[in-house]
Amino acid sequence: MLYLPLIPLAPFVGFLLNGSFGRRLPKAVVSGIALVAPLISFVIVLHAALLVWSSSLTLPVIEQNAPSWISVGALHVDFGSVLDQLSLVMLLVVTGVGFIIHIYSVGYMHEDQGYWRYFAYLNLFLFFMTVLVQAGNALMMFVGWEGVGLASYLLIGFWFQKDSAANAGKKAFIVNRIGDFGFLIGLFLLLANFGTLTFTEIAARLEANPAMTGGILTAIALCLFVGATGKSAQLPLYVWLPDAMEGPTPVSALIHAATMVTAGVYMVARTHFIFDRSPLALSVVAIVGAATALFAATIGLVQTDIKRVLAYSTVSQLGYMFLGCGVAAYSAAIFHLMTHAFFKALLFLAAGSVIHAVGGEQDMRRMGGLRTKIPVTFWTMTMAVLAISGFPFMSAFFSKDAILAAAFASGSLGKVLWFVGLVTAALTAFYMFRLWYLTFFGETRNHDVHPHESPWSMLGPLVILALLSVGGGWIGAGRFGAFLSPSLGVRTEEAAGSSEYLLMVLAVAAGALGWYIAHRMYNRPSTADGLAATTPAGYDLLANKYYVDEIYGSAIVKPLLAFSKYFLEWIVDVAILGGLAWLLAGIASLGGAILQRWQSGNLRSYAAWLALGAAILLVFVLAPYVFGASGIGLNLTGH
Amino acid sequence: MNSLHMVSHEVPLAWYLLLSAVLFCLGVVGFLIKRNLITVFMSIELMLNAVNLSFVTFAHQWHQVKGQIFVFFVMMVAAAEAAVGLAIIIAVFRARATLAVDRIDLMKL
Amino acid sequence: MDSSILTLILLLPLAGAVLAALLPDRGKLAAWLALITTLATFGLTLHLPAHFDASQSGFQFAVNRQWIENPAIYYHVGVDGLSLWLVVLVGLLGPVGVLASWNSITHRRKVFYSLFLIQQTAMYGVFISLDLMLYYGFWELSLVPMAILIAMYGRREGQRAATKFFLFTFIPSAPLLVAILYLYARTGTFNFSELRILIASGSLPSGALFWIALAFLFAFAVKVPVFPLHGWLADTFGEAPVAMAMVVAGKLGLYSMLRFHVGLFPVQAHAIAPILIALAVIGILYGACLALVQRDFWRFLAFAALSHLSLITLGVYGFTFTGWSGATYQILNNELIDAALFVLLGALEIRYATSQIAAYGGIANRIPRLATIFVVASLAMIGLPLLNGFVGEFLILSSTFAGVSHGWAIVATLGEILSAAYMLWLVQRIFYGQESRMAAAAPASDLQVGEQLVLWPLAVLMLVMGVSPNLWLRTIETAPKPLQLQQARSATPVGQPDAIPVTNTGEVQR
């Protein structure tokens, strides 16, 4: 028995319990409920994985006779779920890393008043994320898609008394909604052209129709990709992710690094059979991914808040994943998704540990010299920094390499994108080591705080994730791809032989270069940010994130509000429509006012009108007799 | 005994009708022009009586008693109306201390 | 039981109203009476879905007795898939309205609750009448208690708002009456089913039918409201007591559109549909944009409601099966969500005595339960999947996309982004952030028992209706489709093996 429905249901029950009763329960019980739920999910997934590994279970497992959700006319959507290689890998990541982060949160959020609320939301998130991953049709996926957006909104704005947090949550939801708009159009297109939203049916129909390429499929793919840019923070809808750092750090780790933001990548992989038929869409995906990777990396170079650096790093790494998808190297993208989940979650959790150690400070310029004071945090974070920089034989080394190699092998556009990826790798190493040096090395710049190591509930997860960051890639891209190929299609991804090794060497060299420059600039006691000194204008541009938020504000938000208020409300609603109504009423009143003068109260005028009326009536009655006409038909004579 | 016979000139019917019409017009004009409420009232009575005259005339002409009976109805209504109307006039005078028709205009909108 | 249930449902509130009028105006006596009456009626309405036979088309629980001989007005009532759940909805909103007014109506309760109950009867009558004259009588009746109560209980400009409401909705009913009388003069019957057949058979001149259909449409469009006839909505929401405002907009007009415009005059409705589709899409965006810049939360709700009702109008005039079912379902969803929001905002107003959004801020900590339910209702309103709003929205938008035009559907879907924007803006402005001066000065209590009694069931319903819509869609689907337009398009394209067989929408032969 696989108990697959329990995977989302356990966290949902956890949400209900903690949400309804958590306020009154003791912390231990709340933690217990909150930890048992993801544990159940993880155990079930692990069990399924073991069965697959021992070949007792063949994938895919498609749920038969799933209960119907909406059934009207020709539209039939059910709650169907699917377990194949892709979703199994994703579920392992989601529930595994999710569980680890739940444990971490117990320590991190211990002092917080909204402890029960936090875990309720976290469980809710896990529920929706597992629904998304397990979805057998696009509408169910959309349920999970929007649902994780909701959980994200609730968790980013967790400390809702802070205006900045509430704003960030709202921004995240709305920007996500813009992406969802694209997703919805994609759904409509799918429904209109295939009559169904079930992935297996659409894939089957496409297979039966090998000539179908481009055109409608490009439109569908691009619309779905718009949704992905929203959820996975790519250009131009990435702006919510850095602000999302207002939420508690474990939230940033789980949702905005490891799982939710990777939903877009997962979705593209899941619907690869559509993207495969549209080279144009794939190119768009690859270009956007590479551009985002570079763009975000440049911003990350100069950020001073430790979490912001990591946020931009996440955007950048997601770009890598989309680059992988765009060159049809889906399994490489998913491989990187997995390794990224390990090291990015680790980075965030370690950053949380650092922040916890220095009493809430997040500005790296006020850190320094923490290496000796918080050793476990230091060593685990070092593993993560090495991993993300592509240090040989660590997890990201294999995954990043797989993507870059696939890009290089994909035509001339691919080579350009490969180069962009290479530069980004160098930048990545640079800013990560910058962070490393600023935080852990040099003199202690903040003497008010006495840094202390975090409790083991927080350190334990760090260690586990560090081990995964180091060893998580040893399965190798080739075998990983082979495992996933039944669900992702067979692909020849790697470039042949020697050029692959050359690319690998180049990638490592880029990382080393980034490290070296950071080492030169930051491994010294001085506090000044080296980059600021060299190009102040460029620095400002980057520090202000290219003013993108300001541009969006003045190009979209403010004009919309001004248009709504001044034109729509004042002119159309009040002046025109209100004016028309007022006009009609005015005509009626005017008519009334005029007629009113007749009622003067003056007896004589009434009498005069009476007499006049009687006279006129008399004329009418007598006229025929006077003028000899046929008359009004009244028989007056009585004869 | 010829001297005893009165010459039975019939007053021509038209003259009665003419008289009726003239009286009626006098009544209307009085109703419209007069300022004093009691005079207005008298004009109304004049109109009613003018009509009575014409009823009687036609009754005589057509040798029907219906007209004369109708005169009774009219006289009855006139009497009732006079009673009520005079009561109203007294009330109006008590309230407004005037019987000038123009000054009793509280019913204006 | 079957044949008298509808009459019972109709008359019970009326009896309650008479009783309330006779009783002395002491304390909460009238309120209790109203509560018992509305609960009893609601219970009766539940009998309908329980015994509805989904396999039968046509009207059930019908009664058809001659009432007046000349002109021939019959007491003809009945429900079908379209009106069944609407009747239950009215039943549900009865006790909800009474409980919502429990603490906010403090003077002249007798008048309020009698008129409230009369309004209930009028609404039931509109939904179940199958005789055009009878329907018209109830339609007009539904205006009167509303206008009176707005004038009596208005917050600042009650009388002006009442006049505006009354004139806006009353004036178009004059041509409606003329149209109904013309139909009677030409056909000799007020019976809905007979008229349907007669009009479809082409025995009436098409020129006259155009004007008649237009008259019908005009009266209904004002009641929904459809942009640009929405001028009465904002003032009414701002001045009417909560219990009345929650029933005034939407369902009567939309039902009438489906039943008496599209139902009686499908050809004319189909011809004018493009205009209405355009107006609906404009309404969606217009309402959303205006909601973003309101300062008073009642007016905010009015424009948000305009936006969502326009979406339903889009579903009605899209002329697709899925769209009609989606629109009918969405009427239920929308009314529920609006009712919840009305109660919540009303609760805020009771506690803080203001409806100015700027005065609020950061009160989530003090009134967490209210905040929670408010967020749930807001999420339902913006169409979060697994809550009820999403189902109707998805059905309407997807059917518009496939069956009407890609362009209009895409523009209409933009409303999804804007609705998230304005609802979350409101939530944040009222509940999150720093505590505002007013909020700190007037510490308020969380939801009372009466309010919770109303709100939790509504919230649960929102979830249930979002997760198992088939329970309702099953019966809604059986609603009769217009006679000539068997060729209305389904939501899936021609040629797909699982599509409903469609033919071309050719000109209807006479």
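Residues numbered from 1 in each chain as written. Chains lettered and ligands numbered in written order. Predicted model: local features only at pLDDT ≥ 70, side-chain atom pairs only at ≥ 80, totals over all residues. Heavy atoms only, no water.

What follows concerns the overall build of chain A. A count of helices and strands for chain A gives 25 helices and four strands. The C-alpha atoms of chain A give 34 Å as radius of gyration, which overshoots the globular expectation for 639 residues (26 Å, by more than 25%). Taking the principal axes of its C-alpha atoms as reference, chain A extends roughly 130 × 65 × 55 Å. Among the 639 residues that make up chain A, the fraction classed as buried is 58%. In chain A, 80% of the contacts between residues at least 6 apart in sequence involve partners at least 24 apart. (Helix = DSSP H or I, 4+ residues; strand = E, 2+ residues; numbered from the N terminus. Rg over C-alpha atoms; globule rule 2.2 N^0.38 Å. Buried < 20%, exposed > 50% of the residue type's maximum accessible area, 1.4 Å probe, protein only. Contact = heavy atoms within 4.5 Å.)

A tally of helices and strands in chain C yields 22 helices and two strands. Against the 2.2 N^0.38 benchmark of 24 Å for 510 residues, chain C shows a C-alpha radius of gyration of 22 Å, consistent with a compact globule. Structurally, chain C occupies a C-alpha span of about 70 × 55 × 40 Å along its principal axes. The proportion of buried residues among the 510 residues of chain C is 65%. In chain C, of all internal contacts separated by at least 6 residues, the share reaching a separation of at least 24 is 80%. Carbon and sulfur atoms form 64% of the exposed surface of chain C, whose accessible area is close to 16700 Å². In chain C, which carries 26 positive and 23 negative side-chain charges, the distance between the mean positions of the two groups comes to 7 Å. (Areas by Shrake-Rupley, 256 points an atom, 1.4 Å probe, with all protein chains shown as cover. Lys, Arg positive; Asp, Glu negative; His and termini not counted. Charge placed at Lys NZ, Arg CZ, Asp CG, Glu CD.)

Attention now goes to the environment of A138 of chain A. Mapped onto the elements of the fold, A138 of chain A is located in helix α5 (residues 138-156). With near-sequence residues (within four places) excluded, A138 of chain A lies in contact with F183, L187, L190, L197 and F199 of chain A.

A few words on the nonpolar core. Counting residues in each nonpolar core, the largest one holds 435 residues, and the members touching the most others are F216, M246, M257, Y317, L348, F394 and F431 of chain C. No other element matches the 20 residues that helix α15 (residues 330-357) of chain A contributes to this core. Sequence-distant contacts of L348 of chain C, that is, excluding residues within four places in its chain, are made with F297, A353, Y360, I363, I367, L370, I430 and F431 of chain C. Grouped together as the second largest cluster of nonpolar side chains are twelve residues, A607 of chain A together with F31, V40 and V101 of chain B included. (Core = buried A, V, L, I, M, F, W, Y, C linked by side-chain atoms within 4.5 Å.)

At the junction of the two partners, chain A supplies 52 residues and chain C supplies 60 residues. Between chain A and chain C, roughly 5100 Å² of surface is buried when both sides are summed, and carbon and sulfur atoms account for 71% of that area. Its largest share of buried area at the contact with chain C, chain A owes to W69, R177 and F188 of chain A, together 13% of the area lost on that side. At the boundary of chain A with chain C, the tally comes to one salt bridge. Taken together, the connections running from chain A to chain C amount to ten residue pairs in polar contact (both at pLDDT 80 or more). Put simply, the parts of the chain that give the side of chain A that touches chain C at least two residues each are β2 (68-72), α4 (115-134), α5, α6 (163-194) and α24 (548-596) of chain A. (Buried area = accessible area lost by both parts, 1.4 Å probe. Salt bridge = Lys/Arg side-chain N within 4 Å of Asp/Glu carboxyl O. Polar contact = N/O pair within 3.5 Å; in protein donor to acceptor, adjacent residues only side chain to side chain.)

All names here are of chain A. Inspection of the secondary structure puts T380 in helix α16 (residues 375-388). Its relative accessible area of 6% is what places T380 among the buried residues. For the pair T380 and L346, spaced 34 residues apart in sequence, the C-alpha separation works out to 7.7 Å.

Next up on the list: the pattern of salt bridges. Two side chains with opposite charge may pair up if their charged atoms get near one another. A complete count under the given rule lists 18 salt bridges over all chains for this structure. Among the ionic pairs, D235 of chain C bridges to R299 of chain C, the shortest N-O distance being 3.4 Å. Taken as a pair, D235 of chain C in helix α11 (residues 231-239) and R299 of chain C in helix α15 (residues 297-317) lie far apart in primary sequence, 64 residues in all. Where R351 of chain C meets E451 of chain C, a salt bridge forms, and the shortest distance between an N and an O atom there is 2.9 Å. Here R351 of chain C, found in helix α16 (residues 321-352), pairs with E451 of chain C, found in helix α21 (residues 449-467); they are 100 residues apart in sequence, far enough to count as distant. When sorted by exposure, R351 of chain C lands in the same class as E451 of chain C, which is buried. Each of K171, D243, R308 and D549 of chain A takes part in salt bridges that share partners, so that together they form one network.

Glancing now at the confidence of the model for chain C. Summing up the model confidence of chain C, the mean pLDDT is 87 and the portion of residues at 70 or higher is 94%. Throughout residues 483-510 of chain C the model reports pLDDT below 50, and contacts reaching past four residues in sequence, or to other chains, amount to 49 contacts. (pLDDT = per-residue confidence, 0-100.)

With that settled, consider the pairing of β2 of chain A. Residue and element names in this part refer to chain A. Of the strand pairs in this sheet, β2 and strand β3 (residues 75-78) are connected by four bridges, and their pairing is antiparallel. By the bridge assignment for β3, V72 is matched with L75. Counted between consecutive antiparallel strands, the loop separating β2 from β3 contains two residues, among which G73 sits at a positive phi close to 60 degrees. (Pairing = 2+ DSSP bridges.)

Attention now moves to the interface of chain B and chain A. Listed per partner, the contact involves 14 residues of chain B and twelve residues of chain A. Across the interface of chain B and chain A, roughly 1000 Å² is buried in total on both sides, 63% from carbon and sulfur atoms. Run the count over chain B and chain A and you get one salt bridge. With its nearest N and O atoms 2.8 Å apart, the salt bridge here joins R604 of chain A to D102 of chain B. For the side of chain B that touches chain A, the secondary-structure elements that each account for two or more residues are α1 (13-33) and α2 (37-62) of chain B.

All names here are of chain A. Remark: α15 packs on α16, axes separated minimally by 9 Å, with the N-to-C direction vectors making an angle of 145 degrees. As for the relative orientation of α15 and α16, their crossing is left-handed in sense. Residues F343, K344, L346, L347, A350, A351, S353 and V354 of α15 form the contact with α16, whose own contacting residues are T377, T380, M381, A384, V385, A387 and I388. Split into classes, the residues belonging to the contact of α15 with α16 amount to eleven nonpolar, three polar and one charged. (Axes fitted to C-alpha atoms, helices over the stretch in contact; angles between N-to-C directions. Left-handed = near helix turned anticlockwise from the far one by under 90°. Nonpolar A, V, L, I, M, F, W, Y, C, P; charged D, E, K, R; others polar.)

Residue and element names in this part refer to chain A. A cluster of nonpolar side chains, F563, Y566, F567, W570, I571, I576, L580, W582, L583, L584 and I587, forms an exposed patch at the surface whose accessible area comes to about 1200 Å². By the element assignment, I576 lies in helix α24. I576 sits in the partly exposed class, given a relative accessible area of 46%. (Patch = residues over 30% accessible without salt bridge, like charges linked within 9 Å, V, L, I, M, F, W, Y side chains within 5 Å.)

Looking at the element boundaries, H261 of chain C is found in helix α13 (residues 251-262). When sequence neighbours within four positions are dropped, the list of residues in contact with H261 of chain C reads A213, F216, L217, F220, S256, P266, A269, I272 and Y317 of chain C.

Here we come to the packing of aromatic side chains. Any pair of aromatic rings gets described here by the distance separating the centres and the angle formed by the planes. All told, the structure shown has 72 aromatic pairs over all chains when counted by the stated rule. Seen from their ring centres, F225 of chain A and F322 of chain A are 5.5 Å apart, and the 75 degrees between their planes marks the pair as edge-to-face. Highlighted residues: F225 of chain A in helix α8 (residues 216-231) and F322 of chain A in helix α14 (residues 306-326), separated in sequence by 97 residues. Each member of the pair F225 of chain A and F322 of chain A is classed as buried. Note on F70 of chain B and F73 of chain B: the rings are 6.2 Å apart at their centroids and 55 degrees apart in plane angle, and the pair reads as tilted. Placement of the pair is F70 of chain B and F73 of chain B together in helix α3 (residues 66-96), with a separation of three residues, close to one helical turn. Take F73 of chain B: its relative accessible area is 47%, and that puts it in the partly exposed class. (Phe/Tyr/Trp six-rings, centres within 6.5 Å; stacked < 30°, edge-to-face > 60°.)

The next point concerns the environment of Q120 of chain C. Residues and elements named next belong to chain C. Tracing the backbone shows Q120 in helix α4 (residues 109-128). With 111 residues separating them along the chain, Q120 and I9 place their C-alpha atoms 9.7 Å apart. Q120 has contacts with P13, T38, V90 and G94, leaving out every residue within four places of it along the chain.

Attention now goes to the state of the cysteines. Residue and element names in this part refer to chain A. The full count for this structure, using the stated rule, is zero disulfides over all chains. The cysteine C223 is free of any disulfide, with C325 supplying the nearest cysteine sulfur at 18 Å. Note on C223: relative accessible area 17%, which makes it buried. (Disulfide = S-S within 2.5 Å.)

In this section: the arrangement of the chains. In this assembly, two pairs of chains are in contact, and the pair contributing the most contacts is chains A and C. Considering only C-alpha positions, the minimal separation of the non-contacting chain B and chain C is 21 Å.

All names here are of chain C. At a minimum axis separation of 9 Å, helix α3 (residues 81-100) and α4 run at an interaxial angle of 170 degrees. With respect to α4, the element α3 is oriented roughly antiparallel. Of α4, the residues touching α3 (which contributes S83, L86, V87, V90, G91, L93, G94, G97 and V98) are Y113, F116, Q120, M123, Y124, F127 and I128. Of the residues contributing to the contact of α3 with α4, the split by class is eleven nonpolar, five polar and no charged. (Parallel < 35°, antiparallel > 145°, perpendicular 65-115°, else oblique.)

All names here are of chain A. Within the fold, Q234 resides in the loop between α8 and α9 (240-243). For Q234, the side chain forms a polar contact with the side chain of T292, separated by 3.3 Å. Ignoring sequence-local partners within four residues, the contact set of Q234 consists of T229, V288, G289, T292, V315, L318, G319 and F322.

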